[in-house]
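Structural overview
The primary structure of each chain is shown beneath.
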Amino acid sequence: MSDRLSVFKTYKLYVGGKFPRSESGRVYEVTDSKGNWLANAPQSSRKDARDAVVAARKAFGGWSGATAYNRGQVLYRVAEMLEGRRDQFVREVADAEGLGKSKAAAVVDATIDRWVWYAGWTDKIAQVVGGGNPVAGPFFNLSTPEPTGVVAVLAPQGSSFLGLVSVLAPVIATGNTAVVVASEKSPLPALSLGEVLATSDVPGGVVNVLSGRTAEIAAPLASHQDVNAIDLAGADEVLAKELEVAAADNLKRVLRPQPVDDWTATPGTDRMTAFLETKTVWHPTGALGASGSSY
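Notes on the structure follow.

Analysis parameters
Residues numbered from 1 in each chain as written. Predicted model: local features only at pLDDT ≥ 70, side-chain atom pairs only at ≥ 80, totals over all residues. Heavy atoms only, no water. Pairing = 2+ DSSP bridges. Helix = DSSP H or I, 4+ residues; strand = E, 2+ residues; numbered from the N terminus. Core = buried A, V, L, I, M, F, W, Y, C linked by side-chain atoms within 4.5 Å. Buried < 20%, exposed > 50% of the residue type's maximum accessible area, 1.4 Å probe, protein only. Contact = heavy atoms within 4.5 Å. Arc of directions from axis to C-beta. Polar contact = N/O pair within 3.5 Å; in protein donor to acceptor, adjacent residues only side chain to side chain. Axes fitted to C-alpha atoms, helices over the stretch in contact; angles between N-to-C directions.

The three strands lie next to each other as β3-β4-β10, forming an open sheet whose pairing is antiparallel. Each edge of the open sheet carries a strand with a single partner, namely β3 (131-132) and β10 (276-284). The sheet contact formed by β3 and strand β4 (residues 139-147) spans two bridges and is antiparallel. Counted as the bridge partner of Gly-132 is Leu-142 from β4.

Right under this line is the structure:
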């Protein structure tokens, strides 16, 4: 009989491409649907939230300046790495959401497919929401989408993995960087996702994952002057209203909570366009005569 002791996993935050513990030193118990202990997760503080914003801002220039095709390659690499760790995530999702193995496997498969779906959109969304505009004059008038900046994302509370990726992937696919607040009750899949992102060519700081009390972490993010937008998917009605008021201080773009009956449904483009700004450029065409442009 073996007398070997099991090695329990220590879950950590994912900030700036590294895996720190909460600066406060706090943790909280995470249990499964039956109340059985699963792990101690870091309980993030306001300082952790501010550190995550600094990391996201530092990474924004490089990520937003990368080609859309390159971003698609990186997102596809995330899907590849998740495929290799599929069994781990099936276990974590089953524990987190109280699902049987087959249902949890279906959720994980849908999540991997969701990464692939958004990877395919990175170099196509500009053709959908941008284009040339007809104007009365000798000008080219072109509209192109640009990322909003640093986006705080409150992950859905009930869908700890598929819902999480469904709100995170469109944010980074369009060139934004993200500070994600994981599901308060079921943060473990999100924290494990940080490990996948770290080995998937996603530059450090593009995605930062925090766990803990949603209201405690979200408050400093909503009022932070260097956060450009916030997705309130994981906030209840009361918290969402408070955060929306705080976000108005620096005119953040706010995506209000929207009921989602089925996270497996095709998501459409709404969450990508929610955090895009439109830049319109005028350019003279030169003299136009009967024979057309002088070019």
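Okay, back to it.
A separate point is the pairing of strand β1 (residues 27-31). Moving residue by residue along a regular strand, the side chains alternate between the two faces of the sheet. The pairing of β1 with strand β2 (residues 37-42) spans five bridges and is antiparallel. Bridge pairing links Glu-29 to Asn-40 in β2. Following β1, the chain reverses through five residues before pairing antiparallel with β2; Gly-35 in that reversal takes a positive phi of roughly 90 degrees.

This paragraph deals with the nonpolar core. Of all hydrophobic cores here, the largest spans 60 residues; its most connected members are Leu-82, Trp-115, Ile-172 and Leu-193. Those residues in contact with Trp-115 that sit more than four places away from it in its chain are Leu-75, Val-78, Ala-79, Leu-82, Val-165, Leu-168, Ala-169, Ile-172, Leu-193 and Leu-197. Ala-152, Val-179, Val-181 and Ala-247 belong to the second-largest nonpolar core, a separate cluster that totals 25 residues.

Moving on, we come to helix α9 (residues 237-247). The complete set of buried residues in α9 reads Leu-239, Ala-240, Leu-243 and Ala-247. Around the axis of α9, the buried residues are gathered within 100 degrees of arc, so they sit on the same side. With respect to the buried face of α9, the exposed residues turned more than 90 degrees away are Glu-237, Val-238, Lys-241 and Val-245. If you follow the buried residues of α9, they end up packed against β5 (150-154), α8 (214-223), β8 (229-231) and β9 (253-255). The N-terminus of α9 is capped by Asp-236, whose side-chain oxygen sits 3.3 Å from the backbone nitrogen of Val-238.

In spatial order, the strands read β7-β6-β5-β8-β9; together these five strands make up an open sheet with parallel pairing. Taken across any chain shown, the strands that pair with only one partner, and hence form the sheet edges, are β7 (207-210) and β9. Sheet twist, expressed as the mean angle between neighbouring strand axes with direction ignored, is 15 degrees. Where β5 lies against β8, three bridges are found, and the strand directions are parallel. By the bridge assignment, Val-151 is partnered in β8 with Ala-229. Sheet strands in contact with helix α1 (residues 46-65) are β5, β6 (177-181) and β7, and its direction is about 155 degrees off that of β6.

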